[in-house]
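Residue-level structural notes
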Amino acid sequence: MGGLGSHHAHPYAVQSAAFLVSMLLPGGVLALLVGAWVEHARRRFRPAGDGKMALPLFAERGLAD
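Quick look at the structure, then.

Moving on to the overall build of the protein chain. A count of helical and extended segments in the protein chain gives two helices and zero strands. As displayed, the protein chain has an accessible area near 6,200 Å², and 68% of this comes from carbon and sulfur atoms.

As structure tokens, then:
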């Protein structure tokens, strides 16, 4: 455990926090990359429309004021 023994927090708490950060940070980056890839694929393979923007669902139902 090297230098963790002189830390003001409990060494196992520091080790646990470091482990969680080391797992969450790459997981978050991976989630962002996968989400970007899915969004790119969704936009790329969507059938071509007439070029008009679609109305939001609430506007189609007449709920917009």
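Next comes the rest of the write-up.
For Arg-42, the location among the structural elements is in helix α1 (residues 11-44). Relative accessible area serves as the criterion here: at 45%, Arg-42 is assigned to the partly exposed category. A polar contact of 2.7 Å, which involves the side chain of Arg-42, links it to the side chain of Glu-39.

Any two side chains of opposite charge can pair if their charged atoms end up close together. A full pass over the atoms with the stated rule returns two salt bridges. Measuring nitrogen to oxygen at the nearest pair gives 2.7 Å for the salt bridge that ties Arg-42 to Glu-39. Residue Arg-42 and its partner Glu-39 are located together in helix α1, separated by three residues, close to a single helical turn. For Arg-43, the salt bridge identified is with Glu-39, shortest N-O distance 2.7 Å. On the criterion of helical spacing, the pair formed by Arg-43 and Glu-39 is a turn pair, its members being four residues apart in helix α1. Owing to a relative accessible area of 54%, Arg-43 belongs among the exposed residues under this scheme. A residue is classified by how much of its surface remains accessible, and Glu-39, at 29% relative accessible area, is partly exposed.

Conventions we followed
Residues numbered from 1 in each chain as written. Predicted model: local features only at pLDDT ≥ 70, side-chain atom pairs only at ≥ 80, totals over all residues. Heavy atoms only, no water. Helix = DSSP H or I, 4+ residues; strand = E, 2+ residues; numbered from the N terminus. Areas by Shrake-Rupley, 256 points an atom, 1.4 Å probe, with all protein chains shown as cover. Buried < 20%, exposed > 50% of the residue type's maximum accessible area, 1.4 Å probe, protein only. Polar contact = N/O pair within 3.5 Å; in protein donor to acceptor, adjacent residues only side chain to side chain. Salt bridge = Lys/Arg side-chain N within 4 Å of Asp/Glu carboxyl O.

Spatial relationships are all this shows, so hold off on functional conclusions.
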